[in-house]
Structure formats: C-alpha cells, structure tokens
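Secondary and tertiary structure notes
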Amino acid sequence: MYPNLYYAFKDLFGIEINGLKLINSFGFFVALSFIFSAWILSMELRRKQQQGLFQFTEEKIKIGEPASLTELITNGIMGFLFGYKIIGAFTIKDALLDPQAFILSGEGNFLTGMLAALGFGLLKWWEKKKVQLETPVERTIRIWPQDRVGDIVIYAAIFGFLGAKIFHNLENWNEFAADPIGSLIAFSGLTFYGGLICAGAAIIWYARKNKIALIPLLDAFAPTMMFAYAFGRIGCQVSGDGDWGIANPVANPYKWLPDFFWSYTYPHNVVQDGVSIPGCVGPYCNQLPVPVYPTPLYELLICFVLFGVLIFLRNRIKVPGQLFSIYLIFNGLERFFIEKIRVNTEYNLPLNPTQAELISAALVIAGIISWRYFNKLRFIK
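All residue numbers refer to positions counted from 1 along the written sequence of the respective chain. Totals for whole chains, interfaces and linings use all residues, but because this is a predicted model, local features are given only for residues with pLDDT of at least 70 and pairs of side-chain atoms are given and counted only at 80 or more. Each side-chain value is derived from all of the structure's non-hydrogen atoms; neither hydrogens nor water enter the calculation.

What to know about the state of the cysteines
Cysteine sulfur atoms are paired as a disulfide whenever they come within 2.5 Å of each other. All chains considered together, the criterion is met by one disulfide. The structure places no disulfide on Cys 198, whose sulfur is separated from the nearest cysteine sulfur, that of Cys 236, by 18 Å. Cys 303 takes part in no disulfide bond, and the closest cysteine sulfur, belonging to Cys 236, lies 11 Å away.

Topic: the layout of surface pockets
Reported here for the second largest pocket is a volume of approximately 270 Å³. Put plainly, a pocket is an open set of points on a 1 Å grid over the protein atoms alone with protein on both sides within 12 Å along at least five of seven lines, a cavity is a set where a 1.4 Å probe fits but cannot get out, and a lining residue has an atom within 4 Å of a point. Forming the boundary of the second largest pocket are 18 residues, of which Tyr 6, Tyr 7, Val 281, Pro 283 and Tyr 284 lie nearest the centre. Numbering of helices and strands runs from the N terminus, with a helix taken as a DSSP run of H or I at least four residues long and a strand as a DSSP run of E at least two residues long. A total of four residues in the lining of the second largest pocket trace back to one element, the largest contributor, which is helix H1 (residues 5-13). Residues are grouped as follows: Ala, Val, Leu, Ile, Met, Phe, Trp, Tyr, Cys and Pro are nonpolar; Asp, Glu, Lys and Arg are charged; all remaining types, including Gly, are polar. Looking at the lining of the second largest pocket, its residues break down into twelve nonpolar, three polar and three charged. Grid points are joined across faces, edges and corners, and a volume is the space filled by probe spheres set on the points.

Remarks on helix H5 (residues 110-129)
By definition here, a helix of n residues has an expected span of 1.5 Å times n minus one. With 20 residues, H5 should cover 28 Å at 1.5 Å per step; its first-to-last C-alpha distance of 28 Å lies within 8% of that length. Any residue under 20% of the maximum accessible area for its type is buried, any over 50% is exposed, and the rest in between are partly exposed; the area is computed with a 1.4 Å probe on protein chains only. The complete set of buried residues in H5 reads Thr 112, Gly 113, Ala 116, Ala 117, Gly 121 and Lys 124. Along the axis of H5, the buried positions cluster into a sector of 165°, meaning they face one direction only. Of the exposed residues in H5, those oriented more than 90 degrees away from the buried face are Leu 111, Leu 115 and Leu 118. In this context, the arc is that of the directions from the helix axis out to the C-beta atoms.

Let's talk about the nonpolar core
Residues Leu 41, Leu 45, Leu 217, Phe 221, Met 226 and Tyr 327 are the most contacted members of the largest nonpolar core, which totals 45 residues. Elements represented by at least two residues in this core include exactly helix H2 (25-50), helix H6 (149-171), helix H9 (192-209), helix H10 (214-239), helix H12 (295-313), helix H13 (322-338) and helix H14 (355-380). Here a residue-residue contact requires only that any non-hydrogen atoms of the pair lie within 4.5 Å. Aside from chain neighbours lying at most four places away, what touches Met 226 is Cys 303, Leu 306, Phe 307, Leu 310, Tyr 327, Phe 330 and Asn 331. Definition of nonpolar core: a set of buried residues of the types Ala, Val, Leu, Ile, Met, Phe, Trp, Tyr and Cys, connected through side-chain atoms within 4.5 Å. Formed by six residues, the second largest nonpolar core is a distinct cluster that contains Leu 22, Ala 89, Ile 92 and Phe 102.

Observations regarding the packing of aromatic side chains
Stacked, edge-to-face and tilted are the three classes for Phe, Tyr and Trp ring pairs, Trp counted by its six-membered ring, which pair at centre distances within 6.5 Å; planes under 30 degrees apart are stacked, over 60 edge-to-face, the rest tilted. All told, the structure shown has 26 aromatic pairs when counted by the stated rule. Between Tyr 7 and Tyr 284, the ring centres sit 5.7 Å apart and the planes meet at 85°, which makes this aromatic pair edge-to-face. On the criterion of sequence distance, the pair formed by Tyr 7 in helix H1 and Tyr 284 in the loop between strand E3 (275-276) and strand E4 (286-287) is long-range, its members being 277 residues apart. An aromatic cluster of at least three residues, connected via ring pairs, comprises Phe 28, Phe 29, Phe 36, Phe 227, Phe 231, Phe 304 and Phe 307. Charges are assigned to positions over rings by a cutoff of 6 Å between ring centre and Lys NZ or Arg CZ, combined with an angular limit of 35 degrees from the ring normal. Seen from the ring of Tyr 6, Lys 21 lies directly overhead, with NZ or CZ sitting 4.6 Å from the centre. Above the plane of the ring of Phe 312 lies Arg 316, whose end atom (NZ or CZ) is 3.9 Å from the centre.

Describing unusual backbone geometry
Positive phi is not limited to glycine here, since Tyr 266 has a value of about 50°. Take Tyr 266: it is sitting in the loop between helix H11 (259-262) and E3. The class for Tyr 266 is buried, based on a relative accessible area of 0%. Phi is positive for Gln 272, which is not a glycine, with a value near 55°. Residue placement: Gln 272 occurs in the loop between H11 and E3.

What to know about the side chain of Lys 124
When you line up the elements, Lys 124 lands in helix H5. Take Lys 124: its relative accessible area is 15%, and that puts it in the buried class. Setting aside anything within four residues of it in sequence, one finds Lys 124 in contact with Ala 67, Glu 71, Leu 72 and Asn 75.

Right under this line is the structure:
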C-alpha cells in the first residue's frame, strides 16, 4: 500500500522526495478522478448540444477592468495558506513525519505565508493589468452547459465531500460521538452514497438556476459518474483506506488467480489498522492480521466495465432519461451485491441491512420507476 506518494515513488522508482508526503494517495486519485470525469462530462454535454438538446443562456461581462480589491484579497488569502502550510512544511523540523497532523494543526511558517500572499496578489494584479483597457467595455456572451463544467465540478466536489462525511458519521455514530472533531476533519471516512445524494441535489439546483435542461444533463452524468466511482476506487485500493471486505482466511483455490485478487492484508494501509509489521519502523507500519476480500479492486474493475457498457448504450438508447435510469440500476446492483463481502455497520432492522444496501436497493427501484416514467413521458410529448 502507498499511504502517500512519497512511499509510491520510493518503492516504484527508488527515489525519496519528502514533499510527496503531503500528497495523500487517496486524495491524489480522487483529484485525478474529478479531472478526467470533468473531461468526459464536457464531451457528453457538447455531444448533446450538437443533438439540439441544450440551449444557451446569455450573460453580460465587462472586459478590461483592473483587478478588484476582492480579487486581490482572495488571492492573497490563498497564497498565505499555500505558503504557511505547504511551503512551511519544508521549513519546519519534523513536519513531514506526520503530514496529516501538520496540515490539520495551526502550525506553519508565517514568513513564507506572507511572501506567498504577496506573490499571489501581484500575480492577479499583473494578470488583469495585461488586458486592462482605458475604458472597460460590456459584452454579451453565450454560455452553453459544457462551459459550466468547471462550476459543476466544484459544486460536486464541495457538496459531495460534505455529504460523504455526513453520511459516514451517521453510519458510524458511536465513533463520531466519541470524537466529533476528529471524525469531521479526518481525511478518511467517506461514504459514496452520501456524496452522491448531496452532490446530486446541489447540481440539480445549479442546473435549474442556470436553465440547463435536466433530463439530458442526467444522461450526460450517467457514464461520467460511473467512471468517477471506478477511478476513485483506485485510490481506495492503493492507499488502503479501510473500504475493504470481510475476512477471507481461505487459501486461494485458483492457480490462475493472483493471490492479491483473492485476499489481501493491506500492509502499510493509510488508516494504520491491524497489527505491526515485523521490522517496519515509522508511520504506516500496520497490516491486517487476517487477509480480507479486496473489494475496492473488485469494484473498480466491475465499474470500469459498466462505464464501457454505458458508453456503448449512450447512442442506442433513444428515450431521454433512460440512460440515467440504467445507471441507477447498474450502480445499485453493483453496490448491493458487493456489500455482502464488505465491512460495514449494519442497522438493527429486519435482515440487518447496511446503509449502502438500503440506498442501493432504493436506487434500483428508482431506476426501474424512472425508466417507465421517461418512457411514458415520450408519448405525452
């Protein structure tokens, strides 16, 4: 396992770069997931625009204005945080021994923070100065849905993270009650469906606010979200963030199957769960005492296949909205069955379901109902 990129580069390339300790492996793959997913979403929205399913909106902007005080202050604050924490980490002794604790602490380098704040502020001033006009002009521009992908991704990231945190703490209430602050600021402990629900609500609100046709937008999101989930699971597997399966102590019965596909102990996992690894010194020296099913590995493979199926179907499903219905069904079925071998908190209800099982079952039902609804909607129109 590679809890951060320092360990990955050390193991794969034999080089040690202390600054890479600041880059958590899980966060790195989640960031890549957002970048690649934004590209996929942009392509899908542009394709649907060419099909005549979207309309543009018009907005007035001013060209040639100097940098505003708000812009300078905002960039200065961002620069200060960057210099205080990121650059400061290289100037403070032992800060990189536990990057997570340092990032979440109040410790930092005030001097590098102020210098970076000045640099960021000057950069924004110079950026605006280069295009400044003696008399700023007002222009009306057309904005298509694909031009708003950046905003959509930001909404998805912010509300997705908040939702994932909220649902995780609701699912693990005893842990949250024991350490509320620690649970809220910890890098680990995210529930996908919480993120999906909250991010989905935020994006629907954003779409209505900006007059984006909702049904084609949902269809564009279907393959995008399946890809994002699959790619994000790479981070879970690589870092060992605790999203693994139940114990699987049985020896691998298939000679053709690599052992780590059958069961795994997640050595050097980022949550530092399990027992000490003999001879290992420093942080991240734990591994699970009993091998478990590597469910993140299973999910990333299954969901990449399902992403390919959705891409294949996107030009073959003619009823608007039904591709999204298929996504809901695929997503729900995949997660419902993987829950049978995943470690999760069970609710004290009939059949002892997990939170994910309840939500995934609801998604399958919602997918079936929405399929029928969109089919009827076609005839009504």
